[in-house]
Amino acid sequence: MMSFALTRLLRAFATLMLVITFAFSILRLSGDPAIAVLGPMAPAAALNAFREAWGLTEPFWVQYSKYVLSIFAGDFGDSMRDGLPALPLVLERVPATLSLTIPSLILTLTIGIPAGIVAALHRNSLLDRTVILAAVAGFTVPSFVVGLVLVLIFSVTLGVLPSGGQGSWLHGVLPIITMSTVSIGLVARYSRSAMLEVLNAPYIRAASAKGLKWRDVIRLHALPNAILPLLTIIGLMVGSLIAGSVVVESIFSWPGMGRLLIISVAARDLAVVQCILILITVLMVCANLTVDLLQAWLDPKSRNKAHA
Amino acid sequence: MNSAPLMAIRGLEVTFGTSRVVHGIDLDIAAGEALGVVGESGCGKSVTWLAALGLLPGMAATSGSVRFQGQELCNAPRATLENVRGRRIAMIFQDPSSCLNPVRRVGPQLVEAVTLHTNLRGDEAKTEVLRLMELVGIPDRAARFNLYPHEFSGGQSQRLMIAMALAGRPDILVADEPTTALDATIQAQILDLLGRLRRETGMALIFISHDLGAVSQVCDRIAVMYAGRVVETGAVTEIFAHPRHPYTVGLLNSIPRLDGGQDDLLTIPGAVPDPSHLPPGCAFAARCARADETCATAIPPLRGDGAAVACWHAALPNPSLREAALA
């Protein structure tokens, strides 16, 4: 188990380094922050002074190694727009984002998994087909369309829910629904196929043959086995919810990390963008690490391998 | 068969979508007897028993009658079937390793069967499980109680499945190719175990197999199936000595012999017909040397009492039996 956890941690660290490197290089290749911040009409002297001040004139690898070293010292650089440290600027947006993603994740799990399992248990029935149709619709319609349609119905036409901003809990309703539509659809579909696969397993037939009531066959034998493959999907879901917050926060003017990312990319605010990307990577890596460890712990086969 | 049979199957038919795989099976099972059901893959030998216990997936349509001690099981309500399964008729399967739930320890899985069928709970149930594990020959039981299924070999898993089947003290144990996935030596051990358990408990055994050798080892009576029908039944000794249906003859000839040369392995020419395109007459006619026009147009009924055969050109029964009948 120890060596298993250790290799997973090393792999997580490698992922993080890869993301840091990519974010650093691609941002510097994609445009000049001096022009983005000062504007295209700024005098050349001002532009050069800006570049000098932010160390943009140094060779690429010098900038890179300085950056990586400072990250490990806990310094994520300063925002180019207002000169404030990037990390606190980003961290103060995290609660707003989590107040959308955590309810969305809970909705995804509490609606998606039961819907998929009920569909699998009533395979080919009207109920099953309805669930599949809703699920496919859910994950194929892009979330910006869902968001705009919801705004059109509930804010513009009915006028019952606010179309944007952060205030009472009512402001969160439309963004959370928009964000969870895709993941509910995906999780429902995966749950259905995971359950169908388990229901075809010989041990389900054997459990029925021994005289267990059908609902006990499902509860004691099918569900514990169907959950295992679902864990991986749930880990990926956490990542996609965070990624989805970029779109949803923009639609609903939600003051979270996603919206800050859009603003900072447009402004070529290097330190802030990098800081957000690193934070998102850490969140995703943590989610996947938790899932991996949980899976290894729940699956007796891999648990034994880890012991050996 | 003088007294009423323990189980009576009449006209059992099973259809998957448009293809019918079982075409009217009639079989009686007497208390305590060992019946071997023999045939090639896809002849319906497993499906018959899965249908009898209502274990087929929803898309399978079953009709006919399956009576266990007078109680109708065919298309019976779920509650009726759940009361019969495990307690009156237990079933074990091919590929025992995948018949145990992989994420639960085997001990609790066996305890589940014991608490389901007896009044034993807690430590008493565990004691009963350990007794069953001893009965089926699992060594070092106390330590193995808490292991997971993947920590057992195929043979050990089948022993566990048999122990689980015995938990309900069933009247009939249906063993669906129980040794097919196992090594030859383990096969022999499982066959011995099944034979011994049947003698000790007095339960009837339905042994489904394509291996005539294995069947002859544990069974008193054989039913040979071909393309969803029983084509010949009779006592094991009688069928081995005087097979009457050409298909039975072919099956017996294709058993490899230890003393035979390399060229002596005989096979039945042709292949089993597609269940959705069966010929109008005898399903075996295309592969049969004795076939004529009758065989191509009319399905031969299963005729005879005790020993029966479904062939227009069946070989005569054992001469001594015939003389006895004539006398």
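Residues numbered from 1 in each chain as written. Chains lettered and ligands numbered in written order. Predicted model: local features only at pLDDT ≥ 70, side-chain atom pairs only at ≥ 80, totals over all residues.

## Examining the UniProt feature "transmembrane region" (unreviewed entry) in chain A
All names here are of chain A. When the UniProt feature table is mapped onto this chain numbering, "transmembrane region" (unreviewed entry) sits at residues 12-31, 98-119, 131-156, 168-188, 227-251 and 271-294. Counted over residues 98-119, helix gives 100% and strand 0%. Its end C-alpha atoms are 30 Å apart. When the span residues 168-188 is considered, its composition is 90% helix and 0% strand, and the gap between its end C-alpha atoms is 30 Å. (UniProt positions renumbered as here; feature names shortened; annotations may be inferred. Helix = DSSP H or I, 4+ residues; strand = E, 2+ residues; numbered from the N terminus.)

## What about the UniProt feature "domain: ABC transmembrane type-1" (unreviewed entry) in chain A?
Taking the numbering used here, the UniProt-annotated feature "domain: ABC transmembrane type-1" (unreviewed entry) corresponds to residues 94-295 of chain A. Measuring from the first to the last C-alpha atom of residues 94-295 of chain A gives 28 Å, for a span that is 84% helix and 0% strand.

## Here's the deal with helix α10 (residues 202-209) of chain A
Burial analysis of α10(A) places seven of its eight residues in the buried class, which makes it a mostly covered element. Next to the buried residues of α10(A) lie α9 (170-199) and α11 (214-251) of chain A together with β6 (89-92) and α6 (154-166) of chain B. Of the residues trailing α10(A), G211(A) is marked for its positive phi of about 105 degrees. (Buried ≥ 20, exposed ≤ 12 C-beta atoms within 10 Å, placed from the backbone. Contact = placed C-beta atoms within 7 Å.)

## A look at the interface of chain B and chain A
Facing the 24 residues of chain B at the interface are 19 residues of chain A. For the side of chain B that touches chain A, the secondary structure elements donating two or more residues are α2 (78-84), α3 (106-117) and α6 of chain B. Looking at the side of chain B that touches chain A, the element that brings in the most residues is α3(B), giving three residues. For the side of chain B that touches chain A, the residue count by class is 13 nonpolar, six polar and five charged. (Nonpolar A, V, L, I, M, F, W, Y, C, P; charged D, E, K, R; others polar.)

## Comments concerning the domain arrangement of chain B
Residue and element names in this part refer to chain B. Each domain of chain B was delimited in the assignment, giving domain 1 (7-88 + 170-326) and domain 2 (103-169). Distance from the C-alpha centre of domain 1 to the C-alpha centre of domain 2: 30 Å. Taken residue by residue, the interface counts 12 residues in domain 1 and 14 residues in domain 2. Tallying contributions element by element places helix α7 (residues 184-201) first for the side of domain 1 that touches domain 2, with five residues. Looking at side-chain class alone, the side of domain 1 that touches domain 2 contains nine nonpolar, two polar and one charged residues. (Domains from an automatic or database assignment.)

## Section: the nonpolar core
Core analysis: the largest hydrophobic core is formed by 159 residues, its most contacted members being V90(A), I276(A), M91(B), L110(B), I172(B), L205(B) and I206(B). Not counting chain neighbours up to four residues away, the residues in contact with I206(B) comprise I29(B), L35(B), V37(B), W49(B), I172(B), V174(B) and A175(B). (Core = buried A, V, L, I, M, F, W, Y, C linked by C-beta atoms within 7 Å.)

## Things to note about the packing of helix α6 (residues 94-121) of chain A against α11(A)
All names here are of chain A. Running from amino to carboxyl end, α6 crosses α11 at an angle of 145 degrees, the nearest separation of the two axes being 9 Å. Judged by the sense of rotation from one axis to the other, the crossing of α6 with α11 is right-handed. Facing α6, whose interface residues are T97, L100, T101, S104, L105, T108, L109, I113 and L121, α11 presents I218, L230, I234, M237, V238, L241, I242, S245 and V248. (Axes fitted to C-alpha atoms, helices over the stretch in contact; angles between N-to-C directions. Left-handed = near helix turned anticlockwise from the far one by under 90°.)

## With respect to the sheet that holds strand β4 (residues 60-68) of chain B
All names here are of chain B. An order of β2-β1-β4-β5 is seen for the four strands of this open sheet, with the pairing classed as antiparallel. Lying at the two open borders of the sheet, with one neighbouring strand each, are β2 (19-29) and β5 (71-72). Relative to β5, β4 runs antiparallel, the two being bridged by two bridges. Within β5, the residue paired with R67 across the bridge is E72. (Pairing = 2+ DSSP bridges.)

## As for the UniProt feature "domain: ABC transporter" (unreviewed entry) in chain B
UniProt marks residues 7-252 of chain B with the feature "domain: ABC transporter" (unreviewed entry), using the numbering shown here. Taken end to end, residues 7-252 of chain B is 39% helix and 26% strand, and its two terminal C-alpha atoms sit 28 Å from one another.

## Focus on the packing of α10(A) against α11(A)
Residue and element names in this part refer to chain A. Between α10 and α11, the least distance of the axes is 10 Å, while the angle of their chain directions is 150 degrees. The element α10 and its partner α11 pack so that their crossing is right-handed. Here Y203, I204, A207 and S208 of α10 lie close against α11, whose contacting residues are V217, H221 and A222. Looking at the contact of α10 with α11 residue by residue, the class counts come to five nonpolar, two polar and no charged.

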